[in-house]
Amino acid sequence: MSHPEVGQRLASIKHVVLVLSGKGGVGKSSCTVQLALSLASQGRKVGVLDIDLCGPSIPRMLGLEGRQIHQATAGWVPVFADSDKQLACMSIGFLLPSKDTSVVWRGPKKNAMIKQFLADVYWGDLDYLLIDTPPGTSDEHLAAVEYLQEWNPDGAVIITTPQAVALADVKKEINFCTKVGLPLLGLIENMSGFVCPHCAECTNLFSTGGGEGLAKHMDIPFLGRAPIDPNLVMLLEQEDKTVVPNVNDPDAEKIVTGSIVETYQHCELSKIFAAITAKLEAGFEETK
C-alpha cells in the first residue's frame, strides 16, 4: 500500500534510522538522545521522532517539556532543542494537556498517530531522522515499518544491556527486523558497567560483553558499549539543561551558555557516543 504523503516528507531526509529494543528499561531513549546530540554536535541536522506514544520521555530528556508544536502551511513544525536548529524533536508529549496525562489508545489510533507524524511533520532538510520506538515488536513497530518501507529506511540500531535476560528479548527484536526486511545497522551495549563519580573506575554491575557477543553471533556490526554515568543521568533528569552536573562535587556545577547540544559535550559519555556515531556513519559510507 502506497503512502505518497510520507514519501514527500522523507524526500528531504538523507538517513532514516529506527532505534529498537525488545526489552524495556535498557536505556533506548537515552541512547537515541545521545546519538542525536552527538550527530548534532558534529554539524549534522538531526530530527528525533518519538513514537513511544504511551511513555514519551524524549521531551524531558531534551529539556523541552511544556513546549508546543505549531501548525504552518507546510505542516506541523517540530520543536527545536537549540538556537541553531540543528536538533528538532516531535513527540506526542507536545500534544498532551499535561505531562501526567495517560494515553489510553488501541492499535488503530496509535497507527493513525504514527502515520500523521510521518506525513505531516515539516522537518525540512535533515541529515538524520532518528525514530525512538517503544519496547517490543507490536503495533507501533509494524506501523512505522509499513509506512516507511516503500521509501527504504536505512535500518535499525539495536540497544541492549549485557545480561542474559535482556539479550534473549533483543534476539526477538533482531528476528523481527529480519522478518520485515529492516536492515540492521548495528548494536549498542548500554549500561555496560558503572562509572564511579569519585574515582572514575568502571564496575561491571550486570557483567559485560554480552551485547558484543550477541552482535558477533547474529552477524551484526557492534557499535560500542556505554557505561552508566551518573552525570548523564543528572543532566537528562534536571530541568535546566544549561547546568553541567557533577555528582562528586555539587558546588562544582557550572552554567554553560548554550543548548543541551553544547552542554552534553561536558559529559564523558559524549566521547563514547562520538565513536559510536563515527562507526554508524562509516557504515553508511561503505554502502554508497
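All values derive from a computational prediction rather than experimental measurement.

Before going further, it helps to examine the overall build of the protein chain. Of the regular secondary structure elements, the protein chain holds 10 helices and 13 strands. A compact globule built from 288 residues should have a C-alpha radius of gyration of about 19 Å, and the protein chain, at 18 Å, falls within 12% of that. For the protein chain, the spread of C-alpha atoms along the three principal axes comes to 55 × 45 × 40 Å. Taking all 288 residues of the protein chain together, the buried fraction comes to 51%. For the protein chain, contacts bridging at least 24 residues in sequence account for 76% of all contacts bridging at least 6.

The first and last C-alpha atoms of helix 2 (residues 28-41) sit 20 Å apart over 14 residues, in line with the 20 Å expected at 1.5 Å per residue. Of all the 14 residues making up helix 2, 13 are buried; the element is thus mostly covered by neighbouring parts of the structure. Phi for Gly-43, located one or two positions after helix 2, is positive at around 90°.

We now examine the packing of helix 4 (residues 107-120) against helix 5 (residues 139-149). When two helices pack together, their arrangement is captured by the angle between the axes and the distance separating the axes. Running from N to C, helix 4 and helix 5 point in directions that differ by 40°, and their axes come no closer than 9 Å. As the angle between them shows, helix 4 and helix 5 are arranged oblique. Relative to helix 5, the crossing made by helix 4 is right-handed. In contact with Gly-107, Lys-110, Asn-111, Ile-114, Lys-115 and Leu-118 of helix 4, helix 5 contributes Asp-139, Glu-140, Ala-143, Ala-144, Tyr-147 and Leu-148. Class assignment for the residues of the contact of helix 4 with helix 5 results in six nonpolar, two polar and four charged.

Taken as a whole and judged by the stated rule, the model has 11 salt bridges. In this structure, Arg-225 and Glu-212 form a salt bridge, with 2.6 Å as the shortest nitrogen-oxygen distance. With a gap of 13 residues between them, Arg-225 in strand 11 (residues 222-228) and Glu-212 in helix 7 (residues 210-218) connect regions that are remote in the sequence. On the basis of relative accessibility, which here comes to 33%, the residue Arg-225 falls in the partly exposed class. The shortest N-O distance in the salt bridge between Glu-268 and Lys-271 comes to 3.4 Å. Residue Glu-268 is classed as partly exposed on the basis of its relative accessible area, which comes to 48%.

Time to look at the layout of surface pockets. Of the voids in this model, the second largest pocket is the one considered here, and its volume is about 290 Å³. Considered class by class, the residues forming the lining of the second largest pocket number eight nonpolar, five polar and four charged.

Let us look at the packing of aromatic side chains. Counting across every chain of the model gives two aromatic pairs. Residues Tyr-128 and Phe-284 carry aromatic rings whose centres are separated by 5.8 Å and whose planes lie at 45° to one another, so their mutual orientation is tilted. Note that Tyr-128 is positioned in strand 7 (residues 126-132) and Phe-284 in helix 10 (residues 269-286), a separation of 156 residues in sequence. Here Tyr-128 and Phe-284 have matching classes, each one buried. Across from the ring centre of Phe-80, 5.2 Å away, lies the NZ or CZ of Lys-85, which sits over that ring.

About the criteria used
Residues numbered from 1 in each chain as written. Predicted model: local features only at pLDDT ≥ 70, side-chain atom pairs only at ≥ 80, totals over all residues. Heavy atoms only, no water. Helix = DSSP H or I, 4+ residues; strand = E, 2+ residues; numbered from the N terminus. Rg over C-alpha atoms; globule rule 2.2 N^0.38 Å. Buried < 20%, exposed > 50% of the residue type's maximum accessible area, 1.4 Å probe, protein only. Contact = heavy atoms within 4.5 Å. Expected span 1.5 Å × (residues − 1). Axes fitted to C-alpha atoms, helices over the stretch in contact; angles between N-to-C directions. Parallel < 35°, antiparallel > 145°, perpendicular 65-115°, else oblique. Left-handed = near helix turned anticlockwise from the far one by under 90°. Nonpolar A, V, L, I, M, F, W, Y, C, P; charged D, E, K, R; others polar. Salt bridge = Lys/Arg side-chain N within 4 Å of Asp/Glu carboxyl O. 1 Å grid on protein atoms, 1.4 Å probe; cavity = no way out; pocket = protein on both sides within 12 Å on 5 of 7 lines; lining within 4 Å. Points joined across faces, edges and corners; volume = space filled by probe spheres on them. Phe/Tyr/Trp six-rings, centres within 6.5 Å; stacked < 30°, edge-to-face > 60°. Lys NZ or Arg CZ within 6 Å of the ring centre and 35° of its normal.

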